[in-house]
Amino acid sequence: MRALDLAIIAAFLVGMPLLGIWIAGRQKSGSDYFVGEGKIKWWVACLSVVSAETSTLTVLSVPTVAYLGAFTYLQLAMGYVIGRIVVSFVLLPRYVAGQMTTAYNFLGKRFGAGLQGTASVTFLFTRLLADGVRLFATAIPIKIVLAAYGINAAYWQIVAVLGLAMVVYTFFGGVRAVVWVDAIQMLWYVIGGVAVVWFLADRLPSGWFGAAVDAGKTQLFDFGSAPLSNNYAFITAVLGGAVLSMASHGADQLIVQRLMACNDVKASQKALIASGFVVLLQFALFLLIGTMLWSFYKGLNPVTDLGLTTNDELFASFIVNELPSGLSGFVIAGILAAALSSSLGALASSTVTDVIQRVVRRPLTETETLRQGRIWTVVWAGALIVFASMFTTTKNPIVETALAITGYTYGALLGAFLLGLLVKRAQQADAIAAFVTTVAVMAFVILGLKFSKKTGEFLGVDFAKASGDTVALAFPWYTPLGVVVTLTVGGLLALRHRTSAPLVRQD
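Calculation rules
- Counting from 1, residues in each chain are numbered in the order their sequence is written.
- The model is predicted, so local features are restricted to residues of pLDDT at least 70 and side-chain atom pairs to those at 80 or more, both for listing and for counting; the totals for chains, interfaces and linings are taken over all residues.
- Side-chain descriptors were evaluated using all non-hydrogen atoms of the structure, hydrogens and water having been removed beforehand.
- The way it works is that DSSP assigns letters per residue, a run of H or I at least four long becomes a helix, a run of E at least two long becomes a strand, and they are numbered from the N terminus.
- A 1.4 Å probe rolled over the protein chains alone gives each residue an accessible area, and that area as a share of the maximum for its type sets the label: buried under 20%, exposed over 50%, partly exposed in between.
- We call two residues contacting when some pair of their heavy atoms lies within 4.5 Å.
- Computed with the Shrake-Rupley method and a 1.4 Å probe, the accessible areas treat only the protein chains shown as cover for residues.
- Two strands are said to pair when DSSP picks up at least two bridges between them.
- Definition of nonpolar core: a set of buried residues of the types Ala, Val, Leu, Ile, Met, Phe, Trp, Tyr and Cys, connected through side-chain atoms within 4.5 Å.
- In this analysis, axes come from line fits to C-alpha atoms, helices being fitted only over the stretch in contact, and the angle between any two N-to-C directions falls in the range 0 to 180 degrees.
- Each angle is binned into one of four classes, with values under 35 degrees roughly parallel, values over 145 roughly antiparallel, values of 65 to 115 roughly perpendicular, and all other values oblique.
- Two helices that cross are described as forming a left-handed crossing if the nearer one is turned anticlockwise from the farther one by less than a right angle, and a right-handed crossing if clockwise.
- Like-charged residues within 9 Å of one another, or nonpolar side chains (Val, Leu, Ile, Met, Phe, Trp, Tyr) within 5 Å, are grouped into patches, provided each residue has over 30% relative accessible area and no salt bridge.
- Criterion for a salt bridge: a side-chain nitrogen of Lys or Arg within 4 Å of a carboxyl oxygen of Asp or Glu.
- Only centres within 6.5 Å qualify two rings of Phe, Tyr or Trp (six-membered ring in Trp) as a pair; their planes then separate them into stacked at under 30 degrees, edge-to-face at over 60, and tilted for everything else.
- Any Lys NZ or Arg CZ found within 6 Å of a ring centre and within 35 degrees of that ring's normal is scored as a charge over the ring.
- One number per residue, pLDDT, summarises how confident the predictor is, and it ranges from 0 to 100.

A look at the overall build of the protein chain
Right, so step 1: A tally of regular secondary structure across the protein chain gives 21 helices and three strands.
Right, so step 2: Counting all 507 residues of the protein chain, 58% fall into the buried class.
Right, so step 3: Nonlocal contacts in the protein chain, meaning residues at least 24 apart in sequence, comprise 82% of its contacts between residues at least 6 apart.
Right, so step 4: As displayed, the protein chain has an accessible area near 19700 Å², and 66% of this comes from carbon and sulfur atoms.

Focus on the pairing of strand S2 (residues 458-461)
In regular strands, side chains alternate between the two faces of the sheet.
Right, so step 1: Direction of pairing for strand S1 (residues 449-452) relative to S2: antiparallel, over a ladder of three bridges. From the neighbouring strand, Lys-450 faces S2, where its bridge partner is Gly-460.

So, the pairing of S1
Right, so step 1: Residues Leu-449 and Phe-451 point to one face of S1 and Lys-450 and Ser-452 to the other, with burial holding for every one of them.
Right, so step 2: Between S1 and S2, which pair antiparallel and follow one another directly, the connecting turn spans five residues, one of which, Gly-456, has a positive phi of 80°.
Right, so step 3: Bridge analysis of S1 against strand S3 (residues 470-471) gives two bridges, and the strand direction is antiparallel. Bridging across to S3, Ser-452 finds its partner in Thr-470.

Details of the nonpolar core
Right, so step 1: Among the nonpolar cores identified, the biggest contains 136 residues, and Leu-107, Leu-293, Phe-315 and Phe-318 are the most heavily contacted of them.
Right, so step 2: Ranked by residue count, the leading element in this core is helix H9 (residues 155-201), at 17 residues.
Right, so step 3: Excluding its chain neighbours within four sequence positions, the residues that come into contact with Phe-318 are Val-196, Phe-199, Leu-200, Leu-293, Phe-296, Tyr-297 and Leu-323.

A closer look at the packing of helix H5 (residues 74-90) against helix H11 (residues 234-250)
Right, so step 1: Viewed as axis vectors pointing N to C, H5 and H11 meet at an angle of 40°, and their least axial separation amounts to 6 Å. In terms of their interaxial angle, H5 and H11 are classed as oblique. For the element pair H5 and H11, the recorded crossing hand is right-handed. On the side of H5, the interface is formed by Gln-75, Leu-76, Gly-79, Tyr-80, Ile-82, Gly-83, Arg-84, Val-86 and Val-87, while H11 contributes Phe-234, Ala-237, Val-238, Gly-241, Ala-242, Leu-244, Ser-245, Met-246, His-249 and Gly-250.

Section: a nonpolar patch on the surface
Right, so step 1: Together, Ile-82, Ile-85, Val-86, Phe-89 and Val-90 line one region of the surface with nonpolar side chains, adding up to about 400 Å² of accessible area.
Right, so step 2: Residue position: Ile-85 is located in helix H5.
Right, so step 3: On the accessibility criterion, Ile-85 (36% relative accessible area) is partly exposed.

Some details on the packing of aromatic side chains
Right, so step 1: The tally for this structure, following the rule as stated, stands at 18 aromatic pairs.
Right, so step 2: Their ring planes at 90° and their centres at 5.0 Å tell us that Phe-296 and Tyr-297 sit as a pair that is edge-to-face.
Right, so step 3: Assessed through its relative accessible area of 22%, Phe-296 is described here as partly exposed.
Right, so step 4: The residue whose ring lies beneath Arg-110 is Phe-111, and the NZ or CZ to ring-centre distance is 4.5 Å.

Some thoughts on the packing of helix H12 (residues 253-260) against helix H16 (residues 344-360)
In helix packing, the relevant descriptors are the interaxial angle and the interaxial distance, both defined with respect to the helix axes.
Right, so step 1: Running from amino to carboxyl end, H12 crosses H16 at an angle of 90°, the nearest separation of the two axes being 9 Å. Relative to H16, H12 is oriented roughly perpendicular. The residues of H16 that touch H12, namely those facing Gln-253, Leu-254 and Gln-257, are Gly-345, Ala-346, Ser-349 and Ser-350.

Re the sheet that holds S3
Right, so step 1: Spatially, three strands are ordered S2-S1-S3 in an open sheet, and the strand pairing comes out antiparallel. Of all strands in the sheet, those with a lone pairing partner are S2 and S3, marking the two edges.

Notes on the environment of Cys-46
Right, so step 1: When you line up the elements, Cys-46 lands in helix H3 (residues 42-53).
Right, so step 2: By relative accessible area, which is 5% here, Cys-46 ends up buried.
Right, so step 3: A sequence separation of 229 residues divides Cys-46 from Ser-275, and the C-alpha atoms of the two residues are 5.2 Å apart.
Right, so step 4: The residues contacting Cys-46, other than those within four sequence positions of it, are Ala-271, Ala-274, Ser-275 and Val-278.

Brief notes about the pattern of salt bridges
Right, so step 1: Per the stated rule, a full pass over the model turns up two salt bridges.
Right, so step 2: In this structure, the salt-bridge partner of Arg-203 is Asp-202, at a minimum N-O distance of 3.5 Å.
Right, so step 3: Relative accessible area serves as the criterion here: at 44%, Arg-203 is assigned to the partly exposed category.
Right, so step 4: By relative accessible area, which is 60% here, Asp-202 ends up exposed.
Right, so step 5: A salt bridge links Asp-430 to Arg-496; the shortest N-O distance between them is 2.6 Å. Here Arg-496 lies in the segment after helix H21 (478-494) and Asp-430 lies in helix H20 (residues 428-448), a separation of 66 residues in the sequence.

A look at unusual backbone geometry
Right, so step 1: Residue Lys-298 is not a glycine yet carries a positive backbone phi of 60°.
Right, so step 2: Within the secondary structure, Lys-298 sits in the loop between helix H13 (265-296) and helix H14 (314-322).

So, H14
Right, so step 1: Across the nine residues that make up H14, a large majority, seven, are buried.
Right, so step 2: Leu-314, Phe-315, Ala-316, Ser-317, Phe-318, Ile-319 and Val-320 are the residues of H14 that are buried.

Remarks on the environment of Trp-294
Right, so step 1: Within the secondary structure, Trp-294 is located in helix H13.
Right, so step 2: A sequence separation of 226 residues divides Trp-294 from Leu-68, and the C-alpha atoms of the two residues are 8.1 Å apart.
Right, so step 3: Contact partners of Trp-294, with chain neighbours within four places excluded, come to Tyr-67, Ala-211, Ala-212, Ala-215, Lys-217 and Gly-299.

Structural notes on the side chain of Ser-245
Right, so step 1: Structurally, the position occupied by Ser-245 is in helix H11.
Right, so step 2: Not counting the four nearest positions on each side in its chain, Ser-245 is found in contact with Tyr-80, Gly-83, Arg-84, Val-87 and Gly-250.

A few points about the confidence of the model for the protein chain
Right, so step 1: Chain-level pLDDT for the protein chain is 81 on average; 86% of the residues reach the 70-or-more range.
Right, so step 2: Between the elements of the protein chain, mean pLDDT differs from a low of 59, seen in helix H18 (residues 398-406), to a high of 94, seen in H21.

Listed below in structure tokens is the structure:
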């Protein structure tokens with residue numbers, strides 16, 4: 001890394017927060033801070049959604065998935081498109097047309113403040129863990145860059161600096177700054193990915209693609225693997241991806257906040273559906289990079305043969321050590337900017353609207369809402385920095401780790417929404433009991449059930465960490481199973497009521 005690269009990186013990290021603040025303008029109310037008063041264009045929201053859900057995890061970890069495996073990861077994205085279409089016509093109209101601040105307002109109106117608070121708190125901790133992985137992922141290339149200059153910085157130190165940069169524009173610019181920064185940095189790292197493909201294509205030997213095909217690296221569909229234990233078996237990836245997308249884009253405030261910032265329901269629907277196809281193309285791009293890296297490094301093991309600390313350092317190491325000066329800085333800057341895909345606004349909005357509002361037991365003024373939003377933006381930034389250090393020793397691709405974390409709660413969150421829509425008799429006590437039961441069941445399933453890695457045969461219950469020939473249930477099944485448990489428990493409890501539950505007034 002030469003001075004040009006470092007200058008590009010420094011200018012980008014400083015310039016992006018300032019640009020976000022300038023675009024957003026002055027925030028005058030809580031509504032403006034949390035949902036941008038519906039002034040965001042659908043295509044900007046679309047790019048922001050894509051950035052928020054993939055960002056650094058896609059840029060760094062998806063190439064690793066392809067390097068170690070094949071293109072079967074793309075089946076998840078196919079399921080994502082299906083799930084977004086369902087959310088667009090089932091849940092989005094209720095959020096946007098209802099002029100809600102968070103997705104959990106719907107649960108409050110349908111069931112009551114108890115479930116709204118339960119769902120919101122669950123979202124807060126799930127998002128904290130998942131975004132801890134995201135923030136750690138962004139620290140990987142920085143550590144490699146600093147190591148090239150003989151600086152041995154700890155991951156937590158890098159994470160702290162990134163967290164401070166993230167909080168600046170979120171604090172001052174609100175959701176408008178978040179959405180615009182997301183859109184710009186998403187375009188930046190995709191352009192960087194295309195540049196890497198161009199660079200590699202000129203340096204790989206002739207016939208490299210045919211060799212990759214012969215080695216099975218371009219396999220897209222997997223109909224032969226055991227569906228319960230293999231993450232990318234066809235039915236597992238497509239069905240699991242669809243339900244996971246319904247949860248992440250219909251019951252996760254991180255995404256819903258961006259969609260509610262659009263002009264109207266149709267704009268939100270266009271943004272969400274289009275984002276599914278953009279994600280599909282983006283995944284394909286970075287899977288291609290992983291396959292090209294497999295040819296470039298002749299399939300060597302990233303840790304034992306290339307001397308890396310983790311498999312996920314592969315792409316970052318290539319960028320730093322192989323790309324020419326200027327291009328290397330451009331690509332690294334795009335990866336670092338992905339850290340600025342902030343969830344702090346979503347965490348703050350859910351805290352203020354779904355929790356603080358219930359504690360004070362009176363409507364907050366717009367000025368109070370804005371002040372509380374900024375306070376909690378700072379609080380969650382500090383918590384996020386702490387949680388990011390929890391994942392510095394993971395051996396799995398970090399994108400899989402992030403998706404697995406959501407498995408504990410996403411099924412319960414989506415299940416609660418579907419329970420309110422499908423089971424008219426269900427009341428708040430039924431929904432809360434189903435919610436808590438689902439989280440407990442999923443913890444048992446994720447931590448306890450073990451399967452054979454080779455045959456997929458169920459081996460029994462063992463709470464020891466899966467290793468060697470044993471694996472846990474494939475992570476795409478976590479959300480669908482959680483939805484089934486929530487609907488089953490809530491539906492059975494609702495049978496004791498003779499009439500439909502009335503809507504809860506929330507003046």
